[in-house]
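# Geometric and topological summary
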Amino acid sequence: MKEVFRRIYGTDPEVVWAAPGRVNLIGEHTDYNDGFALPIAIPRHTLVAARHRQDGRLRLHSAQVDGPVIDLDLARLTPGAVTTWAAYPAGVVWALLEDGQRIGGADLHIDSTVPTGAGLSSSAALECAVAFAYNDLYGLGLSAPALALLAQRAENGFAGVPCGAMDQLASACCNEAAALHLDIRAGAHEQVPFDPQAHGLSLLVVDTRVKHDLGDGAYAALRSGCEEAARRLGLAALRDLTPADLPRVAEDLPAPLVPLARHVVTENGRVAEAVSRLRAGHVAKLGPILTEGHASLRDDFRISCAESDLVVDTALAHGALGARMTGGGFGGSVIVLAEEGWLEAIRIAVTAAFRVAGYQDPHLFPVSPAAGARRIA
Ligand code: GLA
């Protein structure tokens with residue numbers, strides 16, 4: 001990173017930060033409903049090498065994108081002004097300014113091993129790496145959760161994606177060998193021990209390579225459907241519903257909103273159950289919860305796709321303990337929990353099933369829960 005930075009900008013960077021992508025174990029589409037989630041960070045990172053500037057310019061370069069250095073004026077950062085990948089790092093700087101932070105410009109060089117469009121939160125990793133680097137460069141002293149929320153603000157207010165806060169909180173706050181239990185309304189998180197390897201288990205990520213794009217309107221439509229359901233029920237958010245409310249909800253809501261509410265209620269329940277199983281050391285018993293979560297996303301929330309369903313069904317038929325799509329939906333990645341000994345058979349079966357179906361080969365890689373954003377140089 002230092003060498004490339006030197007080649008591009010002619011000086012050394014002052015700091016290098018790394019922020020990871022994530023997979024969510026359970027608690028999908030619950031964050032913007034004020035609910036609960038249980039993500040882990042994965043050992044795939046976005047790196048940012050940075051040096052401050054005193055002339056109010058923000059210069060950006062990415063190893064993943066061909067083209068010259070992008071040169072922006074801090075004073076002209078307004079939502080809509082930047083529409084390429086640069087909207088994510090520029091949005092973070094905009095969010096810091098909006099928050100009243102005393103910052104100036106910077107030179108940033110970015111590199112990443114988080115696949116894009118795979119539902120693994122490459123954008124949150126990028127935003128968090130930039131937020132932490134800026135916090136360090138300008139001695140802002142902001143906490144990891146505060147930086148995560150500024151990163152979310154960048155994505156909502158500048159990049160125009162109405163996501164919740166799960167991805168950024170995962171990238172900022174996760175610990176190694178742990179899952180992050182998020183209570184979004186309370187603004188609270190706690191670490192829950194989760195070390196599949198120590199239990200002879202493995203967590204496999206299967207990137208279906210069906211491109212998922214949160215900006216395409218479907219995510220926003222689901223979010224506003226949930227918000228409308230809460231409004232009609234006179235609630236602040238769907239988080240306020242309990243399973244006992246569901247029969248009444250089915251009568252009070254227009255038919256299309258009923259399954260949305262049902263998913264959020266049952267999914268919040270699954271997060272609570274997953275946390276108690278993990279706390280009891282019953283890691284393998286997470287499996288059925290994952291599979292139930294997938295059924296709920298497929299049948300109630302209706303955001304799975306044929307490729308993701310095929311991974312789940314094939315993995316389960318070949319010995320997996322549980323499997324589900326993870327992230328925003330409409331493609332992206334599936335996670336599979338399995339005993340180590342079954343992993344190879346699952347890998348072979350899923351790849352073969354994709355070939356038979358005529359889909360492009362999926363990318364499969366095991367992950368273990370990694371640490372959140374950290375300074376590496
Ligand atoms: C995307 C969003 C998150 C969350 C998930 C679904 O990853 O960025 O905020 O809503 O989808 O759980």
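Residues numbered from 1 in each chain as written. Predicted model: local features only at pLDDT ≥ 70, side-chain atom pairs only at ≥ 80, totals over all residues. Heavy atoms only, no water.

Where helix 4 (residues 144-158) meets helix 5 (residues 166-173), the axes come as close as 8 Å, and the angle between the chain directions of the two elements is 145 degrees. Crossing angle aside, the handedness with which helix 4 passes helix 5 is right-handed. Packed against helix 4, whose contacting residues are Ala144, Pro145, Ala148, Ala151, Gln152 and Glu155, the element helix 5 presents Gln168, Leu169, Ala172 and Cys173 at the interface. Grouping the constituent residues of the contact of helix 4 with helix 5 by class yields 7 nonpolar, 2 polar and 1 charged. (Axes fitted to C-alpha atoms, helices over the stretch in contact; angles between N-to-C directions. Helix = DSSP H or I, 4+ residues; strand = E, 2+ residues; numbered from the N terminus. Left-handed = near helix turned anticlockwise from the far one by under 90°. Contact = heavy atoms within 4.5 Å. Nonpolar A, V, L, I, M, F, W, Y, C, P; charged D, E, K, R; others polar.)

Mapped onto the fold, histidine 52 is located in strand 3 (residues 39-53). Those residues in contact with histidine 52 that sit more than four places away from it in its chain are Glu14, Gly105, Ala106, Leu137 and Tyr138.

On to helix 6 (residues 218-232). The terminal C-alpha atoms of helix 6 lie 21 Å apart, and with 15 residues this matches the ideal 21 Å at 1.5 Å per residue to within 8%. Listing the buried residues of helix 6 in full gives Tyr219, Leu222, Arg223, Gly225, Cys226, Ala229 and Ala230. For helix 6, the angular spread of the buried residues around the axis is 155 degrees, confining them to a single face. Away from its buried face by more than 90 degrees, helix 6 exposes Arg231 and Arg232. Elements that come into contact with the buried residues of helix 6 comprise helix 8 (258-279) and helix 9 (286-301). Following helix 6 by one or two positions, glycine 234 has its phi on the positive side, about 70 degrees. (Expected span 1.5 Å × (residues − 1). Buried < 20%, exposed > 50% of the residue type's maximum accessible area, 1.4 Å probe, protein only. Arc of directions from axis to C-beta.)

On to the layout of surface pockets, then. Leftover empty space is mapped by rolling, across the atoms, a probe with the size of a water molecule. Volume-wise, the largest pocket comes out at about 710 Å³. Broken down by secondary-structure element, the contributors of at least two residues to the lining of the largest pocket are strand 6 (105-112), helix 3 (122-137) and helix 5. The greatest single-element share of the lining of the largest pocket, amounting to 4 residues, is contributed by helix 3. Taken together, the residues of the lining of the largest pocket sort by class into 16 nonpolar, 17 polar and 7 charged. Per-domain counts for the lining of the largest pocket show at least three residues from each of domain 1 (2-193) and domain 2 (196-367). (1 Å grid on protein atoms, 1.4 Å probe; cavity = no way out; pocket = protein on both sides within 12 Å on 5 of 7 lines; lining within 4 Å. Points joined across faces, edges and corners; volume = space filled by probe spheres on them. Domains from an automatic or database assignment.)

The phi angle at aspartate 34 is positive, at roughly 65 degrees, despite the residue not being glycine. Tracing the sequence through the fold places aspartate 34 in the loop between strand 1 (15-24) and strand 2 (36-37). Positioned with a positive phi, arginine 302 is a non-glycine residue whose angle comes to about 60 degrees. Taking the relative accessible area as the measure of exposure, arginine 302 reaches 65% and is therefore exposed.

Moving on to the sheet that holds strand 8 (residues 188-193). Taking strand neighbours across the sheet as the criterion, the 3 strands line up as 2-7-8 in an open arrangement whose pairing is antiparallel. Of all strands in the sheet, those with a lone pairing partner are strand 2 and strand 8, marking the two edges. Two elements, strand 7 (residues 178-183) and strand 8, share 6 bridges in a ladder whose sense is antiparallel. Along strand 8, the bridge assignment pairs aspartate 183 with alanine 188. Sheet contacts for helix 8: strand 2, strand 7 and strand 8; angle to strand 8, the most-contacted strand, approximately 45 degrees. (Pairing = 2+ DSSP bridges.)

With that out of the way, let us pick up the domain arrangement of the chain. Under the domain assignment, the chain is made up of domain 1 (2-193) and domain 2 (196-367). Measuring from the centre of the C-alpha atoms in domain 1 to the corresponding centre in domain 2 gives 25 Å. Each partner contributes to the roughly 3,300 Å² buried at the junction of domain 1 and domain 2, and carbon and sulfur atoms together form 63% of this total. Taken together, the connections running from domain 1 to domain 2 amount to 4 salt bridges. Here arginine 279 makes a salt bridge to glutamate 190, at a shortest N to O gap of 3.5 Å. Our enumeration of links across domain 1 and domain 2 arrives at 20 residue pairs in polar contact (both at pLDDT 80 or more). Those elements that place two or more of their residues in the side of domain 1 that touches domain 2 are strand 1, strand 2, strand 3, strand 7 and strand 8. (Buried area = accessible area lost by both parts, 1.4 Å probe. Salt bridge = Lys/Arg side-chain N within 4 Å of Asp/Glu carboxyl O. Polar contact = N/O pair within 3.5 Å; in protein donor to acceptor, adjacent residues only side chain to side chain.)

Turning our attention to the site of the ligand. Glu28, His29, Asp31, Asp167 and Tyr219 are the nearest of the 13 residues found near the ligand. At a separation of 2.7 Å, an oxygen atom of the ligand approaches a polar side-chain atom of glutamate 28. Comparing atom positions with the cavity grids shows the ligand to sit within the largest pocket. A class-by-class count of the residues in the shell around the ligand yields 5 nonpolar, 4 polar and 4 charged. Both of domain 1 (2-193) and domain 2 (196-367) provide at least three residues apiece to the shell around the ligand. (Near = heavy atom within 4 Å. Sits in = over half its atoms within 2 Å of the grid points.)

Let us look at helix 10 (residues 306-317). Its 12 residues place the ends of helix 10 16 Å apart at the C-alpha level, agreeing with the 16 Å of an ideal helix rising 1.5 Å per residue. Listed as buried for helix 10 are Glu307, Ser308, Asp309, Val311, Val312, Thr314 and Ala315. At its buried positions, helix 10 is contacted by strand 9 (201-207), helix 9, strand 10 (322-326), strand 11 (333-339) and helix 11 (343-357). Count one or two residues on from helix 10 and you reach glycine 319, which has phi positive near 100 degrees.

Attention now goes to the nonpolar core. Of all hydrophobic cores here, the largest spans 52 residues; its most connected members are Val48, Leu58, Leu77, Leu108 and Tyr134. Grouped together as the second largest cluster of nonpolar side chains are 28 residues, Val23, Leu25, Val114 and Leu286 included. (Core = buried A, V, L, I, M, F, W, Y, C linked by side-chain atoms within 4.5 Å.)

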